[in-house]
Amino acid sequence: MPLTPLDIHNKEFSRAFRGYDEDEVNEFLDQIIKDYEALIRQNKDLEEKILQANERLQHFTNIEESLSKSIIVAQETAEEVKANAKKEAQLIIKEAEKNADRIINEALIKARTIALEIEELKKKASIYRKRFRTLLEAQLEMLDEKAWDEMEQLDSLEQLEKDN
């Protein structure tokens, strides 16, 4: 067990003939007691500082662990978000491609329908044109007939008779 300042203070030396000077020994012991007490106080202060430093170190270690875990969770979350965004983008692209294919198919069907309608209209226009030409030719033939000339002559005669 280490000495305490009280042990040093209470230490009694036996007296011998021609021994040391008692006052000098006592002064030296007093100085040793003061120094020893100072060292004990300093030792206790250092032990408290070490304890506080260890507590702070533990606190910062806990913070570091929490931050590390938070960073890992954040990275995992970021990876999940990135993966989900990629999946969603792929779904959007597939949906857009389906819509584009549907629109193209509808446009092709409409184009074919319109082409058929145009063809049908061309046929009808051709038939109408032929019929109209036939009608006009028949009308022209009627105008060229002698019956019109005779009718005009009759009309002229009747007019002359009325005038006279």
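Residues numbered from 1 in each chain as written. Predicted model: local features only at pLDDT ≥ 70, side-chain atom pairs only at ≥ 80, totals over all residues. Heavy atoms only, no water.

> Looking at this structure, I do not really get a negative patch on the surface. What am I missing?
A cluster of acidic side chains, namely Asp 149, Glu 150, Glu 152, Asp 155, Glu 158 and Glu 161, defines a negative patch on the protein surface. Here Asp 155 is to be found in helix 3 (residues 146-163). (Patch = residues over 30% accessible without salt bridge, like charges linked within 9 Å, V, L, I, M, F, W, Y side chains within 5 Å. Areas by Shrake-Rupley, 256 points an atom, 1.4 Å probe, with all protein chains shown as cover. Salt bridge = Lys/Arg side-chain N within 4 Å of Asp/Glu carboxyl O. Lys, Arg positive; Asp, Glu negative; His and termini not counted. Charge placed at Lys NZ, Arg CZ, Asp CG, Glu CD. Helix = DSSP H or I, 4+ residues; strand = E, 2+ residues; numbered from the N terminus.)

> Help me out: how do you make sense of the pattern of salt bridges in this one?
Close approach of charged atoms lets side chains of opposite charge pair. All chains considered together, the criterion is met by one salt bridge. One salt bridge in this structure joins Glu 106 and Arg 102, with 3.2 Å as the shortest N-O distance. Of this pair, Glu 106 and Arg 102 are both found in helix 2 (residues 22-144), four residues apart, which corresponds to roughly one turn of the helix. The partly exposed category is assigned to Glu 106, whose relative accessible area is 39%. Residue Arg 102 is classed as partly exposed on the basis of its relative accessible area, which comes to 42%. (Buried < 20%, exposed > 50% of the residue type's maximum accessible area, 1.4 Å probe, protein only.)

> For this particular structure, what's the right way to read a nonpolar patch on the surface?
A surface patch of nonpolar side chains, amounting to about 370 Å² of accessible area, comprises Phe 60, Ile 63, Leu 67 and Ile 71. Examined against the element boundaries, Ile 71 turns out to sit in helix 2.

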